[in-house]
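# A closer look at the structure
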Amino acid sequence: MNKKISLGAAIAYMAIVAAVVFCLTMFYSENRYNAMYNNIVEREREYSVLAEIDQYVRSHYAGEINEETLRAGIASGYLSGLEDPYARFFTDKEYEAYQQTEGQKYVGIGVVTELDVDGYIRVRTVYPQSPAATAQMQPGDLIVSVDGTAATKDNYTELVGAFRGAAGTKVSLVYRRDTEEVTVELTRREIDTPTIAVTMLDGGIAYLRFSAITTTSSQHLDTALRQAEQNGAQALIFDVRGIESDDVTVIGTMLDTLLGRMTIIYEEDLNGAMRELMDSDESEVDLPMVVLTDNGTVGTTELFAQALRDTGKARTVGETTFGKGTTQTFYKLKSGAAVYLTVARYAGPLAETYDEVGVPADYEVAYTAEIDKASTMGNPEIDNQLRRAMEIAATTIKTEATS
């Protein structure tokens, strides 16, 4: 049976509700006011300290003050107080220069080099269809002079830098092969630098060595996977040791190629809220995988390793990665300058961030070669981390074949 409420009781009830709402509103408003007041007081305290320092400097400093440099220093000091290791202040000129170089393609002669023990420039890699390849240069050649300047240990960086320049300009080299010296004039041009090299190892294992992560690396992965398939690959080893990247889009595209339908990348804001950032489709690569990592595996390259590990698609071998799981964004100021701030963290398919902890190696293996790591990685006779990855890949092949 329905009960009727008297008009007086209804009015009283509404008054109580209104009073509660008013109290809650006042409480919320008071807290907001207090927070705003405290922020204002805190900022006033900060500015007063800065003003006091400025007064003493302008009254007593014996040197000259460059106002532009001073403003940049103040801005940089503010950002350093955030304890964000990646935050940075860019002056208007620095930010303009960054924008001009960001995304530019490689223009040069198409070689990767290292310093030889005798001070010469040793060629490690010659990119296909590059000016160096056209001149029939080969890995192992020693560049002994550049534009008439003899190569030494002291000018290695300067001379290698001369390989790059404006498209259409020329550079003259003298390189030595065995006892013969050859002089060539190369014309610099834009080169789509291959970032993934494929080598077939014993037992049908395809070794994919990353040299960088660029905007075209996802296409290079597709090419490398086709090449591995054509060569009858039964397992894949991805070597991302020493590779740093902040490009989440390219990494996500590569993971989409390798993994089936799922959320492959999450983004966690600085309040801890997690959201889905990238998904993969149904297609995937169904081969045993191993990922080689070390402390030089930094940024979204770590995300590549974590995603494959999270899904059980791959095991990691080597060393724990660096632990940079954050993403940064530029904010342009009215003056034309800019600040670069950390705004979120990345996480793999299990929605666990690797920031500050890195991606652990399932098989911890320290690199034991006594000679330079950069020049010996990828050589199974010397590279013990690669040998261990090969053992794991071979075991997985046998296990899956008998299951």
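Notes on the structure in this doc start here. These figures come from a predicted structure and were not determined experimentally. (Residues numbered from 1 in each chain as written. Predicted model: local features only at pLDDT ≥ 70, side-chain atom pairs only at ≥ 80, totals over all residues. Heavy atoms only, no water.)

A few words on the environment of Asp355. Within the fold, Asp355 resides in the loop between strand S20 (338–347) and strand S21 (363–364). Taking relative accessible area as the criterion, Asp355 reaches 12% and is therefore assigned buried. Taking the C-alpha atoms as reference, Asp355 lies 8.6 Å from Phe322; in sequence the two are 33 residues apart. For Asp355, the residues in contact, after removing those within four places along its chain, are Gly323, Lys324, Gly325, Thr326 and Arg345. In this structure the side chain of Asp355 is engaged in a polar contact, spanning 3.4 Å, whose partner is the side chain of Arg345. (Helix = DSSP H or I, 4+ residues; strand = E, 2+ residues; numbered from the N terminus. Buried < 20%, exposed > 50% of the residue type's maximum accessible area, 1.4 Å probe, protein only. Contact = heavy atoms within 4.5 Å. Polar contact = N/O pair within 3.5 Å; in protein donor to acceptor, adjacent residues only side chain to side chain.)

This part takes up the pairing of strand S18 (residues 314–318). When a strand is regular, its side chains alternate between the sheet's two faces. Among the 5 residues that make up S18, 4 are buried, leaving the element largely enclosed by the rest of the structure. With 5 bridges connecting them, strand S16 (residues 289–293) and S18 associate as parallel partners. Paired with Met289 across the bridge in S18 is Ala314. Relative to S21, S18 is paired through 2 bridges, and the arrangement is parallel. Note on S21: the bridge partner recorded for Val317 is Tyr363. (Pairing = 2+ DSSP bridges.)

Moving on to the pattern of salt bridges. Under the defined criterion, the tally for this structure stands at 15 salt bridges. A salt bridge links Asp116 to Arg122, with the shortest nitrogen-to-oxygen separation between them at 2.7 Å. Residue classification places Arg122 among the partly exposed residues on the basis of a relative accessible area of 27%. Residue Arg177 pairs with Asp141 through a salt bridge whose shortest N-O separation is 2.8 Å. You can see Arg177 sitting in strand S7 (residues 170–177) and its partner Asp141 sitting in the loop between helix H4 (131–134) and strand S5 (142–146), a full 36 residues away along the chain. Taking the relative accessible area as the measure of exposure, Arg177 reaches 27% and is therefore partly exposed. Classification of Asp141 as buried rests on a relative accessible area of 2%. When salt bridges that share partners are traced, they join Arg209, Asp239, Arg241 and Asp383 into one network. (Salt bridge = Lys/Arg side-chain N within 4 Å of Asp/Glu carboxyl O.)

Take helix H10 (residues 384–402) next. With 19 residues, H10 ought to run about 27 Å at 1.5 Å a step, and its terminal C-alpha atoms sit 27 Å apart, in line with that. When H10 is considered as a whole, its buried residues turn out to be Asn384, Gln385, Leu386, Ala389, Met390, Ile392, Ala393 and Ile397. Structurally, the start of H10 carries an N-cap: the backbone nitrogen of Gln385 is 3.2 Å from a side-chain oxygen of Asp383. (Expected span 1.5 Å × (residues − 1).)

Quick look at the packing of helix H7 (residues 248–258) against helix H8 (residues 300–310) now. In the contact formed by H7 and H8, the axes pass within 9 Å of each other and the chain directions differ by 20 degrees. On the basis of the axis angle, H7 is roughly parallel to H8. Crossing hand, H7 versus H8: right-handed. Across the interface between the two elements, Val248, Ile251, Met254, Leu255 and Leu258 of H7 pack against Thr300, Thr301, Leu303, Phe304, Ala307 and Leu308 of H8. Residues belonging to the contact of H7 with H8 are distributed by class as follows: 9 nonpolar, 2 polar and no charged. (Axes fitted to C-alpha atoms, helices over the stretch in contact; angles between N-to-C directions. Parallel < 35°, antiparallel > 145°, perpendicular 65-115°, else oblique. Left-handed = near helix turned anticlockwise from the far one by under 90°. Nonpolar A, V, L, I, M, F, W, Y, C, P; charged D, E, K, R; others polar.)

What follows concerns the packing of helix H6 (residues 217–230) against H7. Where H6 contacts H7, the axes come no closer than 8 Å and their chain directions differ by 25 degrees. Classified by the angle their axes make, H6 and H7 are roughly parallel. When the axes of H6 and H7 are compared, the crossing they make is right-handed. Seen from H6, the contacting residues are Ser217, Ser218, Leu221, Asp222 and Leu225; seen from H7, they are Val250, Thr253, Met254, Thr257 and Leu258. Split by residue class, the contact of H6 with H7 holds 5 nonpolar, 4 polar and 1 charged.

A few words now on a negative patch on the surface. A cluster of acidic side chains, namely Glu68, Asp92, Glu94 and Glu96, defines a negative patch on the protein surface. Among the structural elements, Glu96 can be located in helix H3 (residues 92–101). (Patch = residues over 30% accessible without salt bridge, like charges linked within 9 Å, V, L, I, M, F, W, Y side chains within 5 Å. Areas by Shrake-Rupley, 256 points an atom, 1.4 Å probe, with all protein chains shown as cover. Lys, Arg positive; Asp, Glu negative; His and termini not counted. Charge placed at Lys NZ, Arg CZ, Asp CG, Glu CD.)

Our next topic: H6. Its 14 residues give H6 an end-to-end C-alpha distance of 20 Å, which sits within 8% of 20 Å, the value for a rise of 1.5 Å per residue. Turning to H6, its buried residues number three or more, namely Ser217, Ser218, His220, Leu221, Ala224, Leu225 and Ala228. Along the axis of H6, the buried positions cluster into a sector of 150 degrees, meaning they face one direction only. Exposed residues on H6 whose side chains face more than 90 degrees from its buried face are Glu229 and Gln230. Against the buried residues of H6 lie strand S10 (196–201), strand S11 (205–210), strand S12 (235–239) and H7. (Arc of directions from axis to C-beta.)

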